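Listed here are the chains, written in short residue letters.
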Amino acid sequence: MQFVLEKPELGQWRAGNTGVEGVWQFDSGKPGRSVMVTALVHGNELCGAWALKTLLEAHIRPVAGKLTLAFCNLAAFDRFDAAHHDASRFVDEDMNRVWSDDKLTHPSTQERRRAVQLRPYVAQADWLLDLHSMHEPGEPLLLTGLQARNLALAKQIGAPKHIVVDAGHQEGVRMRDYGHFGSDNAMHACALLVECGFHGDVSSRDVAIDMAARFLAVSGCVELRCIPEDWRQPLPHNQIAVKVTDAVVAQSEGLRFEQNWQGLQHIPLAGTVLARDGQAVYRTPYATARWSCPACGSCAQALPSCVWRNAWNNIIY
């Protein structure tokens, strides 16, 4: 896979205007949501940095509430090398697994210390969009978590085509699920994580800009007329919501897939062998079924059993 997307030069935008490096905040002085867009939680995921830089260069400002833009893991970003891009995902540990009070109370790593700096801004945000990209080529995915309010917001935004309803990671809590964002009771708090495509594809930058623009417009923080039309891509004809019910982790380096499965591929039969790992045999748990959207109960979509493949392939972050 060729890494084509160039590393953005952040220049003056690196400093921020809050006293915290990389964090920008603009207050309209009028009532409204506190909206936050984040990038570079992983240092090799450049598309989000391009999106924030584009917003800043265009002097996008809120007409209601507050707008916060944050370049998150700058230390990892500084290590970026397109020839070895995986090495700059993080410095000490994955920054998207540290968002719990027990870990942030003991900020023993670069990523935890940086998360402690960012935590006040995440905590005050009503809506959060976290921009990411993928280790492998694949269509953009919008990850909502289990809260129905997030799925409803994804449908309101209207893009991308594929929505993933997932419970998160056993290895640690993501920013998207931190504090009030992970609470079933905080109905005002919405958080989405978008995977914009392969790290090195130029299209991932375009998806990130499009998603940031649509998110800000729907939030009411920024007026649609202030957003250049060429930032937005055509909406899909429909959206497909996929619910992840099982996350399967390889137990050894000997795991072998039965076929060259593709992400989001529909596998019609339950019990189809997906992969073998020593004596363990992994099979599809479901036939291709129908799933009714928990937000409205009516937008039933296909539920492919290939969500297991996505978990194995680290497509879902």
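Please read all numbers here as calculations on a predicted model, not as lab measurements.

## Quick word on the sheet that holds strand β9 (residues 256-257)
At step 1: In spatial order, the strands read β9-β10-β11; together these three strands make up an open sheet with antiparallel pairing. Edge positions in the sheet fall to β9 and β11 (280-283), since each has one partner strand and no second.
At step 2: Pairing between strand β10 (residues 273-277) and β11: four bridges, direction antiparallel. The residue bridging Asp277 from the neighbouring strand is Ala280, located in β11.

## Description of the pattern of salt bridges
At step 1: With the rule as written, the count across this model stands at 16 salt bridges.
At step 2: Salt-bridge contacts for Arg97 lead to Asp94; the nearest nitrogen and oxygen are separated by 3.7 Å.
At step 3: Judged by relative accessible area, which is 11%, Asp94 ranks as buried.
At step 4: A cluster of three or more residues bridged by salt bridges with shared partners is formed by Glu45, Arg89, Asp94 and Arg97.

## Section: the packing of aromatic side chains
Between two aromatic rings, the relevant description is the distance of the centres plus the angle of the planes.
At step 1: One pass over the full model with this rule turns up six aromatic pairs.
At step 2: Aromatic pair Phe3 and Phe80: ring centres 5.3 Å apart, planes at 55 degrees, arrangement tilted. Taken together, the positions of Phe3 in the segment before β1 (23-27) and Phe80 in the loop between α2 (74-77) and α3 (101-104) put the pair 77 residues apart, joining distant regions of the chain.
At step 3: Ring plane angle 45 degrees and centroid distance 5.8 Å describe the contact between Trp127 and Phe215, whose orientation is recorded as tilted. Of this pair, Trp127 sits in strand β4 (residues 127-134) while Phe215 sits in helix α6 (residues 202-219); the two residues are 88 residues apart in sequence, bridging distant segments of the chain.
At step 4: Overall, the relative accessible area of 1% leaves Phe215 in the buried class.
At step 5: Taken together through their ring pairs, the aromatic side chains of Phe3, Phe80 and Phe198 make up a single cluster.
At step 6: One residue, Lys7, lies across the ring of Phe77, its end atom 4.5 Å from the ring centre.
At step 7: Here the basic side chain of Arg61 rests over the ring of Phe26, its NZ or CZ set 3.9 Å away from the ring centre.

## Regarding the nonpolar core
Nonpolar side chains in soluble globular proteins tend to be buried together.
At step 1: Grouped together as the largest cluster of nonpolar side chains are 54 residues, with contacts concentrated most on Val37, Leu55, Leu69, Phe71, Leu129, Phe215 and Leu216.
At step 2: Here this core gets eight residues from one element, more than from any other, and that element is α6.
At step 3: With residues up to four places along the chain from it excluded, the contact list for Leu55 reads Ile60, Leu69, Ala212, Leu216 and Trp231.
At step 4: By size, the runner-up hydrophobic cluster in this structure holds 22 residues, among which are Tyr121, Val122, Ala125 and Ala191.

## Concerning the sheet that holds β4
At step 1: Ordered by their spatial adjacency, eight strands build an open sheet running β1-β3-β2-β4-β7-β5-β6-β8, and the pairing between neighbours is mixed. With one partner strand each, in any of the chains shown, β1 and β8 (240-243) form the two edges of the open sheet. The mean inter-strand angle of the sheet, taken between neighbouring strand axes irrespective of direction, is 20 degrees.
At step 2: Pairing analysis gives three bridges linking strand β5 (residues 141-143) to strand β7 (residues 190-198), with the strands arranged antiparallel.

## Some points on the pairing of β10
At step 1: Counting buried positions along β10 yields four of five residues, so the element is predominantly enclosed.
At step 2: What sits between the antiparallel neighbours β10 and β11 is a turn of two residues, in which Gly278 has the positive phi angle 65 degrees.

## Some remarks on the packing of helix α5 (residues 148-157) against α6
At step 1: Running from amino to carboxyl end, α5 crosses α6 at an angle of 110 degrees, the nearest separation of the two axes being 10 Å. Between α5 and α6, the angle is such that the two are roughly perpendicular. Touching Leu153, Gln156 and Ile157 of α5 are Met211, Arg214, Phe215 and Val218, all from α6.
At step 2: When grouped by side-chain class, the residues that make up the contact of α5 with α6 number five nonpolar, one polar and one charged.

## Some thoughts on α5
At step 1: Looking at α5, one finds that the buried residues are Arg149, Asn150, Leu151, Leu153, Ala154 and Ile157.
At step 2: After α5 finishes, the residue Gly158 shows a positive phi value of roughly 90 degrees.

## What about the side chain of Thr38?
At step 1: Within the fold, Thr38 resides in strand β2 (residues 34-39).
At step 2: With near-sequence residues (within four places) excluded, Thr38 lies in contact with Ala70, Cys72, Leu128, Leu129, Asp130, Leu131 and Met175.

## Looking at the environment of Gln156
At step 1: Assignment of secondary structure puts Gln156 in helix α5.
At step 2: Distance from Gln156 to Thr288, taken between C-alpha atoms, is 26 Å for residues 132 residues apart in sequence.

## Quick word on helix α4 (residues 110-124)
At step 1: Between its first and last C-alpha atoms α4 spans 23 Å; for 15 residues at 1.5 Å apiece the expected length is 21 Å, and the two agree.
At step 2: The largest bend in α4 is about 45 degrees, located at Leu118, with the proline Pro120 one to four residues further on.
At step 3: When we look at burial in α4, the residues that qualify are Glu111, Arg112, Arg114, Ala115, Leu118, Tyr121 and Val122.
At step 4: Against the buried residues of α4 lie β1, β2, β3 (66-71), α2 and α3.

Calculation criteria
Residues numbered from 1 in each chain as written. Predicted model: local features only at pLDDT ≥ 70, side-chain atom pairs only at ≥ 80, totals over all residues. Heavy atoms only, no water. Pairing = 2+ DSSP bridges. Helix = DSSP H or I, 4+ residues; strand = E, 2+ residues; numbered from the N terminus. Salt bridge = Lys/Arg side-chain N within 4 Å of Asp/Glu carboxyl O. Buried < 20%, exposed > 50% of the residue type's maximum accessible area, 1.4 Å probe, protein only. Phe/Tyr/Trp six-rings, centres within 6.5 Å; stacked < 30°, edge-to-face > 60°. Lys NZ or Arg CZ within 6 Å of the ring centre and 35° of its normal. Core = buried A, V, L, I, M, F, W, Y, C linked by side-chain atoms within 4.5 Å. Contact = heavy atoms within 4.5 Å. Axes fitted to C-alpha atoms, helices over the stretch in contact; angles between N-to-C directions. Parallel < 35°, antiparallel > 145°, perpendicular 65-115°, else oblique. Nonpolar A, V, L, I, M, F, W, Y, C, P; charged D, E, K, R; others polar. Expected span 1.5 Å × (residues − 1). Bend = angle between axes of the 7 residues up to and from the residue.

Note that every value here comes from positions in space, so none of it alone points to a role or purpose.
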